[in-house]
Amino acid sequence: MTAITINIPNHEVSFFKKIVSKMGWTYSEADVVRQKATAQEQALAKIDHAFGQVRQMKDGRLQGVNAEELLNEL
């Protein structure tokens, strides 16, 4: 999976979330970090996102990657 960061105007956020949902993609509220976030806030947002992905894998909404495949990609 690839993560993409997109900067959009605040008034377009709800519209963007609807599009993301209809496409079957996922997003994390933790990814929405203000531009001047501290290093600690950014780290916590990334950890929260990782746990969110683990929950999605457990629920069957996200497919995990085999460790061997991951190493082959590197």
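Residues numbered from 1 in each chain as written. Predicted model: local features only at pLDDT ≥ 70, side-chain atom pairs only at ≥ 80, totals over all residues. Heavy atoms only, no water.

Take the overall build of the protein next. The helix and strand inventory of the protein stands at three helices and zero strands. Carbon together with sulfur atoms contributes 55% to the accessible area of the protein, which is approximately 6900 Å² in total. (Helix = DSSP H or I, 4+ residues; strand = E, 2+ residues; numbered from the N terminus. Areas by Shrake-Rupley, 256 points an atom, 1.4 Å probe, with all protein chains shown as cover.)

What follows deals with the pattern of salt bridges. Applying the stated criterion to the full structure yields one salt bridge. For D59, the salt bridge is made with R61, and the minimal N-O distance between the two is 3.4 Å. Neither D59 nor R61 differs from the other in exposure class; each is exposed. (Salt bridge = Lys/Arg side-chain N within 4 Å of Asp/Glu carboxyl O. Buried < 20%, exposed > 50% of the residue type's maximum accessible area, 1.4 Å probe, protein only.)

On the surface, F15, I19, M23 and W25 cluster together to form a nonpolar patch covering roughly 440 Å² of accessible area. Counting through the fold element by element, I19 comes out in helix 1 (residues 13-23). (Patch = residues over 30% accessible without salt bridge, like charges linked within 9 Å, V, L, I, M, F, W, Y side chains within 5 Å.)

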